[in-house]
Amino acid sequence: MEISTQYSSERDEMVLRQIENRGLSNSRLLNALRWLPRHEFVKQGDEKYAYKDEPLSIGFGQTISQPYITALMTSLAALEGNENVLEVGTGSGYQAALLGLLARKVISIERIPELADRAQKVISRLGIPNVKVITGDGTTGWPENAPYDAILVTAGAPSVPQALLDQLSDGGRMIIPVGSRSVQNLQVWQRNGNRFNEENILPVVFVPLLGKYGWQIRTD
Ligand code: SAH
């Protein structure tokens, strides 16, 4: 069976109940969500839970976000198709793949090599050619490909990393959860020249962003 035809009714149901019913209506986004096989990105054996309204463990203490949060962050990036995008926190690769379907070019950085490798393999197998997964500390961004029209940080930050603001294009937006280790505010930072307009969207819970401009890595 072709990958994307499996679980297609579960996907339609997910989009209707979790995404459209909560007010997201962009048709490119909804169509991408109806196509992208989320069950390919979860742990083996968890496929039947892939379209539930909740985050799931993906191993290494990390999670694939709740579908609505992934869709909301994508929607806040306001992609039209020609953008250069950076994601920090590849995890399963689902968010990166979704961005790949909606933008021109996506770089996604993950600090855990096993997750980065697994995500890149799934994305390549699905035939999404414009997403590149890199292993490393994403709190310093990826200057080689900057500036970015959108930056999505999908782990909770103690504060907004200056290095990431520096890598936004004029008019570009960063979507980032900022707060404590246990709860954050989802924020949008939009660049206008050298000024930034900041907006709080809603409270969220993400795993911590660990690294140079994130939380310190615990050694205990
Ligand atoms: N976007 C993911 C979910 C992210 S979970 C998805 O669609 O599945 C957050 C991920 O951020 C975890 O995999 C974690 O290892 C990673 N992470 C945490 N700090 C990081 C850093 N400094 N650089 C890159 N990745 C980081």
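The rules behind these values
- Residues numbered from 1 in each chain as written.
- Predicted model: local features only at pLDDT ≥ 70, side-chain atom pairs only at ≥ 80, totals over all residues.
- Heavy atoms only, no water.
- Salt bridge = Lys/Arg side-chain N within 4 Å of Asp/Glu carboxyl O.
- Helix = DSSP H or I, 4+ residues; strand = E, 2+ residues; numbered from the N terminus.
- Buried < 20%, exposed > 50% of the residue type's maximum accessible area, 1.4 Å probe, protein only.
- Near = heavy atom within 4 Å.
- Polar contact = N/O pair within 3.5 Å; in protein donor to acceptor, adjacent residues only side chain to side chain.
- Areas by Shrake-Rupley, 256 points an atom, 1.4 Å probe, with all protein chains shown as cover.
- Nonpolar A, V, L, I, M, F, W, Y, C, P; charged D, E, K, R; others polar.

Undergrad: Quick question: what am I supposed to make of the pattern of salt bridges here?
TA: Counted under the stated rule, the structure contains four salt bridges. When the shortest N-O distance is used, the salt bridge between glutamate 20 and arginine 34 registers 3.4 Å. Placement of the pair is glutamate 20 in the loop between helix H1 (8-19) and helix H2 (27-35) and arginine 34 in helix H2, with a sequence separation of 14 residues. Residue arginine 34 is classed as partly exposed on the basis of its relative accessible area, which comes to 27%. A salt bridge links aspartate 53 to arginine 22, with the shortest nitrogen-to-oxygen separation between them at 2.6 Å. Here aspartate 53 is found in the loop between H2 and strand E1 (56-59), whereas its partner arginine 22 is found in the loop between H1 and H2, with 31 residues between them in sequence. Owing to a relative accessible area of 33%, aspartate 53 belongs among the partly exposed residues under this scheme.

Undergrad: Help me understand the site of the ligand, please; the structure alone is not making it clear to me.
TA: Around the ligand lies a shell of 27 residues, among which Ser92, Glu110, Asp137, Gly138 and Leu210 are the nearest. The contact in question runs from a nitrogen atom of the ligand to an N or O atom on the side chain of aspartate 137, over 2.9 Å. For the ligand, the accessible surface in isolation is 580 Å², of which the surrounding protein chains cover 99%. Listed by contribution, the elements that provide at least two residues to the shell around the ligand are strand E2 (62-64), strand E3 (84-88), helix H4 (94-102) and strand E4 (105-110). Top contributing element to the shell around the ligand by residue count: E2, with three residues. Class assignment of the residues belonging to the shell around the ligand gives a composition of 11 nonpolar, 12 polar and four charged.

Undergrad: Any chance you could explain the side chain of glutamine 184 here in plain terms?
TA: Of note, glutamine 184 is situated in strand E8 (residues 184-192). Taking relative accessible area as the criterion, glutamine 184 reaches 4% and is therefore assigned buried. A distance of 3.1 Å separates the side chain of glutamine 184 from the backbone oxygen of serine 180, its partner in a polar contact.

Everything listed here is a matter of coordinates, which is why it stays silent on function.
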